[in-house]
Amino acid sequence: MNVDFVHFCIVKIDSLGVCVGKLTIQQHRCQQATYYPSPHADERPEPQDIHLLVVHNISLPPGEFGGPYITDLFMGTLNPEDHPFFQEIAHIKVSAHACIRRDGSIEQYVDFNRRAWHAGVSTWHGKERCNDFSIGIELEGTDHTPYTEEQYQTLAQLTIALQETYPGITDACITGHEDIAPGRKTDPGPAFNWNYYRQQIAALTKQDG
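None of the values given here were measured: they were computed from a predicted structure.

So, the pairing of strand E6 (residues 52-58)
Looking along a regular strand, one sees side chains alternate from face to face of the sheet.
Okay, step 1: Counting buried residues in E6 gives 7 out of 7 residues, a clear majority hidden from the surface.
Okay, step 2: Relative to strand E12 (residues 134-140), E6 is paired through 7 bridges, and the arrangement is parallel. Residue pairing across strands places His56 opposite Glu138, the latter belonging to E12.
Okay, step 3: Bridge count for E6 against strand E13 (residues 174-176) is 3 bridges, and the pairing is parallel. Bridge assignment links Val54 to a residue of E13, and that residue is Thr175.

Examining the nonpolar core
Okay, step 1: Membership of the largest hydrophobic core comes to 31 residues, with the highest contact counts inside it found for Phe112, Ile135, Ile137, Leu162, Phe192 and Tyr197.
Okay, step 2: If you list the elements that add at least two residues to this core, you get strand E2 (22-26), E6, strand E7 (98-100), E12, helix H3 (149-165) and helix H5 (194-208).
Okay, step 3: In this structure Leu162 touches Ile25, Leu53, Phe112, Ile135 and Ile137, once residues within four positions along its chain are discounted.
Okay, step 4: One finds Ile58, Leu60, Phe74 and Ala96 within the second-largest nonpolar core, a separate group that totals 15 residues.

Looking at the packing of aromatic side chains
Okay, step 1: Under the defined criterion, the tally for this structure stands at 10 aromatic pairs.
Okay, step 2: Both rings, one in Tyr36 and one in Tyr109, keep their centres 5.9 Å apart while their planes meet at 20°; by these two values the pair is stacked. Here the residue Tyr36 occupies a position in the loop between strand E4 (34-35) and strand E5 (41-42), and Tyr109 occupies one in the loop between strand E8 (106-108) and strand E9 (115-116), the gap between them amounting to 73 residues.
Okay, step 3: By relative accessible area, Tyr36 is classed as partly exposed at 29%.

Quick look at H3
Okay, step 1: An ideal rise of 1.5 Å per residue puts 24 Å on 17 residues; H3 measures up with 24 Å between its terminal C-alpha atoms.
Okay, step 2: Across the 17 residues of H3, 14 count as buried, placing the element largely inside the fold.

Side note on the confidence of the model for the protein chain
Okay, step 1: For the protein chain, the average pLDDT comes to 90, and 89% of its residues sit at 70 or higher.
Okay, step 2: Between residues 1-20, whose pLDDT stays under 50, and residues either more than four places distant or in other chains, the model counts 48 contacts.

Observations concerning the environment of Leu155
Okay, step 1: With respect to the helices, strands and loops of the structure, Leu155 is situated in helix H3.
Okay, step 2: Judged by relative accessible area, Leu155 falls into the buried class, the value being 1%.
Okay, step 3: In the structure, Leu155 is positioned 16 residues away from Leu139 in sequence and 8.5 Å away in space, judged by C-alpha atoms.
Okay, step 4: Leu155 has contacts with Val55, Ile100, Ile137, Leu139, Phe192 and Tyr197, leaving out every residue within four places of it along the chain.

Examining the sheet that holds E13
Okay, step 1: Here we have 6 strands laid out as an open sheet, ordered E4-E8-E7-E12-E6-E13, and mixed in their pairing. Of all strands in the sheet, those bounded by a partner on one side alone are E4 and E13.
Okay, step 2: With respect to the sheet, H3 is in contact with E6, E7, E8, E12 and E13, its orientation differing from that of E12 by roughly 170°.

Brief notes about unusual backbone geometry
Okay, step 1: For the bond from Leu60 to Pro61, the omega torsion is -15°, close enough to zero to count as cis.
Okay, step 2: When you line up the elements, Pro61 lands in the loop between E6 and helix H1 (69-75).
Okay, step 3: Along the chain, Asp187 connects to Pro188 via a cis peptide bond; the corresponding omega equals 10°.
Okay, step 4: By secondary structure assignment, the location of Pro188 is in the loop between helix H4 (177-180) and H5.
Okay, step 5: The phi dihedral of His28 falls on the positive side, at around 70°, and the residue is not glycine.
Okay, step 6: Along the chain, His28 falls in the loop between E2 and strand E3 (29-30).
Okay, step 7: Among the residues examined, His28 registers a relative accessible area of 12% and is labelled buried.
Okay, step 8: The phi torsion at His125 lies on the positive side, around 50°, for a residue other than glycine.

What counts and how
Residues numbered from 1 in each chain as written. Predicted model: local features only at pLDDT ≥ 70, side-chain atom pairs only at ≥ 80, totals over all residues. Heavy atoms only, no water. Buried < 20%, exposed > 50% of the residue type's maximum accessible area, 1.4 Å probe, protein only. Helix = DSSP H or I, 4+ residues; strand = E, 2+ residues; numbered from the N terminus. Pairing = 2+ DSSP bridges. Core = buried A, V, L, I, M, F, W, Y, C linked by side-chain atoms within 4.5 Å. Contact = heavy atoms within 4.5 Å. Phe/Tyr/Trp six-rings, centres within 6.5 Å; stacked < 30°, edge-to-face > 60°. Expected span 1.5 Å × (residues − 1). pLDDT = per-residue confidence, 0-100. Axes fitted to C-alpha atoms, helices over the stretch in contact; angles between N-to-C directions.

See the structure below:
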């Protein structure tokens with residue numbers, strides 16, 4: 001398969017109960033995402049080695065949803081005067097490949113074939129520096145706030161499109177930030193329903209097959 005282009009039909013139920021929608025990954029970007037090129041990224045040491053998908057959560061200010069602040073953080077433009085918490089994090093150079101908002105919309109910050117700075121000190125099956133070989137997806141949320149149905153749908157849809165593009169990301173190579181940085185990170189937290197997410201992936205895969 002041409003890894004630079006994946007067109008994947010997805011399941012989304014509109015108000016009439018009709019399945020609609022599609023995701024397209026072209027030249028390592030999701031074409032349905034709003035794209036903001038983060039400066040906090042670089043090249044992978046082994047460009048073809050992409051075999052892990054890491055699920056995160058983020059909310060700025062903490063516990064609040066909506067607004068421009070997640071994008072501002074990843075773009076390096078967060079104003080420390082906008083909120084007291086921002087004074088602690090405005091200097092941090094961090095990014096994720098994409099963020100799924102509460103309404104299911106996608107924002108992409110780093111091309112999937114490049115290295116986003118999302119995992120920090122981390123280990124996966126004995127291999128350190130997970131940023132080198134992973135894709136990081138943020139969900140707008142908190143550890144203890146239920147994620148939305150739209151977020152689960154989009155995440156499952158994006159996951160399958162990524163798996164088609166980067167076949168090293170098998171179902172066994174999908175994990176949470178808390179699992180690659182235990183004791184340091186807790187996201188996506190107990191509010192994230194891993195079983196439901198994997199059921200969504202299975203249902204979409206079955207329909208596509």
